[in-house]
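# Understanding the architecture of this molecule
Given next are the chains, with one letter for each unit.
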Amino acid sequence: MLTKIFSILLGLFMITSQAKAENKTSPDKPTVIILLGAPGSGKGTQSLELSKILGLPHISTGDLFRENIKLDTDLGKQAKGYLEKGALVPDELVFDILFDRISKSDCAKGYILDGFPRTSAQAHELEDTLRNKANFIIFNLKVSDAEIIRRLSGRLICKKCGRIYQKDTNPPKVAGVCDFCGGELYQRSDDKPEVVKERLRVYYEQTKPLEDFYKQQGMLIDIDAEGAPDTVEKSLEAKVKDLAPQLIKK
Ligand code: AP5
Ligand code: MG
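Small disclaimer: the values here were computed from a predicted structure and weren't measured. (Residues numbered from 1 in each chain as written. Chains lettered and ligands numbered in written order. Predicted model: local features only at pLDDT ≥ 70, side-chain atom pairs only at ≥ 80, totals over all residues.)

## Considerations on the sheet that holds strand 3 (residues 110-114)
With parallel pairing, the five strands of this open sheet are ordered in space as 2-3-1-4-8. Among the strands making up the open sheet, the edge pair consists of strand 2 (58-60) and strand 8 (220-224). Recorded for the sheet is a direction-independent mean angle of 25° between the axes of neighbouring strands. Note: strand 4 (residues 135-142) against strand 8, five bridges, orientation parallel. Residue Ile-138 lies in a different strand from strand 8, and its bridge partner there is Leu-220. Along the sheet, helix 10 (residues 229-243) makes contact with strand 4 and strand 8, crossing strand 8 at roughly 150°. (Pairing = 2+ DSSP bridges. Helix = DSSP H or I, 4+ residues; strand = E, 2+ residues; numbered from the N terminus. Axes fitted to C-alpha atoms, helices over the stretch in contact; angles between N-to-C directions. Contact = placed C-beta atoms within 7 Å.)

## Describing the sheet that holds strand 5 (residues 155-158)
Backbone hydrogen bonds hold the strands of a sheet together, and the pairing may be parallel or antiparallel. Judged by pairing direction, the sheet is antiparallel, and its three strands sit side by side in the order 6-5-7 without closing on themselves. Each edge of the open sheet carries a strand with a single partner, namely strand 6 (164-166) and strand 7 (185-186). As paired elements, strand 5 and strand 7 share two bridges and run antiparallel to each other. Across the sheet, Ile-157 pairs through a bridge with Tyr-186, a residue of strand 7.

## Digging into the nonpolar core
If you look at the biggest cluster of nonpolar residues, it comprises 38 residues, and the most contacted ones within it are Ile-34, Ile-112, Leu-113 and Phe-139. Here this core gets five residues from one element, more than from any other, and that element is strand 1 (residues 31-37). The contacts of Phe-139, once residues within four sequence positions are left out, are Ile-34, Leu-35, Leu-36, Ile-221, Ile-223 and Leu-236. Listed in part, the five residues of the second largest apolar core include Leu-156, Ile-157, Cys-178 and Leu-185. (Core = buried A, V, L, I, M, F, W, Y, C linked by C-beta atoms within 7 Å. Buried ≥ 20, exposed ≤ 12 C-beta atoms within 10 Å, placed from the backbone.)

## Examining the site of ligand 1
Taken together, the neighbourhood of ligand 1 is formed by 36 residues, with Pro-39, Gly-42, Gly-44, Gly-62 and Gly-115 sitting nearest. At the level of elements, helix 2 (43-54), helix 3 (61-70), helix 4 (74-85), helix 7 (145-153), strand 6 and helix 10 are the ones that each hand at least two residues to the shell around ligand 1. Counted by class, the shell around ligand 1 contains 16 nonpolar, 15 polar and five charged residues. (Near = placed C-beta within 6 Å. Nonpolar A, V, L, I, M, F, W, Y, C, P; charged D, E, K, R; others polar.)

## Concerning unusual backbone geometry
Note that the residue after Phe-116, namely Pro-117, is joined by a cis bond; omega there is 0°. With respect to the element layout, Pro-117 can be found in the loop between strand 3 and helix 6 (120-130). Not every positive phi belongs to a glycine, and Asp-72 is a case in point at roughly 55°. Checked against the element boundaries, Asp-72 lands in the loop between helix 3 and helix 4.

## A look at the environment of Asn-135
Summarising the element assignment, Asn-135 is placed in strand 4. Asn-135 gets classed as buried once you count the C-beta atoms within 10 Å, which come to 21. Remark: the alpha-carbon pair of Asn-135 and Gly-110, spanning 25 residues in sequence, is separated by 8.6 Å. Excluding its chain neighbours within four sequence positions, the residues that come into contact with Asn-135 are Thr-25, Ser-26, Lys-29, Thr-31, Val-32 and Ala-244.

## A look at helix 7
The set of residues buried in helix 7 consists of Ile-148, Arg-151 and Leu-152. Looking straight down helix 7, one finds its buried side chains confined to an arc of 90°; they lie on one side. The elements touched by buried residues of helix 7 are strand 5, strand 6 and helix 8 (193-207). (Arc of directions from axis to C-beta.)

## Quick notes on the confidence of the model for the protein
When pLDDT is averaged along the protein, the result is 92, and 90% of the positions lie at 70 or above. Between residues 10-19, whose pLDDT stays under 50, and residues either more than four places distant or in other chains, the model counts four contacts. (pLDDT = per-residue confidence, 0-100.)

Laid out in structure tokens, this is it:
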């Protein structure tokens, strides 16, 4: 009997949760699109596409750290060792860089977050800062570990425009050169197999638990991200169209 009551309650909870994730957004508030997912799940690839379609800025905390490292800023100096090891940068440094970026005027209508939040403290901080002030659409890109390792072992990125390639499945037309801007392509130093292994371990320990955090609030939208980039992009676009039609350009 108790088992039956429990399963009815669980069923009701799941229906309510699903209904909340399907809620429409308010056109009067900025919309924050969050891409959760393991390293190599396609957060950067999909953010670039969504950013073009929706006209919202793409904010990757990883890219912000890499820019600071390249420019040798104080923040870059502090973050460098963490990125090289595949560890997470301490929350306080992440908050400085993220909240400064989202305060810029180009974020007024909303933005796409790639790689943030990544810890429970970051998720709570975001919620406390934006509660009732923004719509949230939270996508969870789901990809198997084997596919992640395959993808990251051949990733190439343009130094100039940030476009992302994959040696085997999405190679540039001319080796080492970006199709779009002619920039030089490079491999990220944290894509070495031993660092990828550590990044995945850290993901399972610190970031994957956020799925439950958002699921319990009925906010998580799982996306099968194992297929081709175009297929994944179509799923994301369809969800945005449904939940935030105001963002889709006519
Ligand atoms: P970050 O730069 O965010 O790295 P990540 O989360 O490990 O994710 P990646 O950028 O490696 O993968 P992605 O999901 O963007 O995949 P991509 O689209 O490139 O963070 C780096 C570091 O910064 C962290 O380790 C940490 O030190 C620090 N950091 C950042 N944010 C932090 C935070 N909030 N808190 C603390 N520390 C933080 O795709 C990967 C490859 O797959 C590409 O080659 C691509 O062409 C290919 N691909 C993509 N989609 C598909 C597809 N559908 N099919 C086939 N191939 C595909
Ligand atoms: Mg990325």
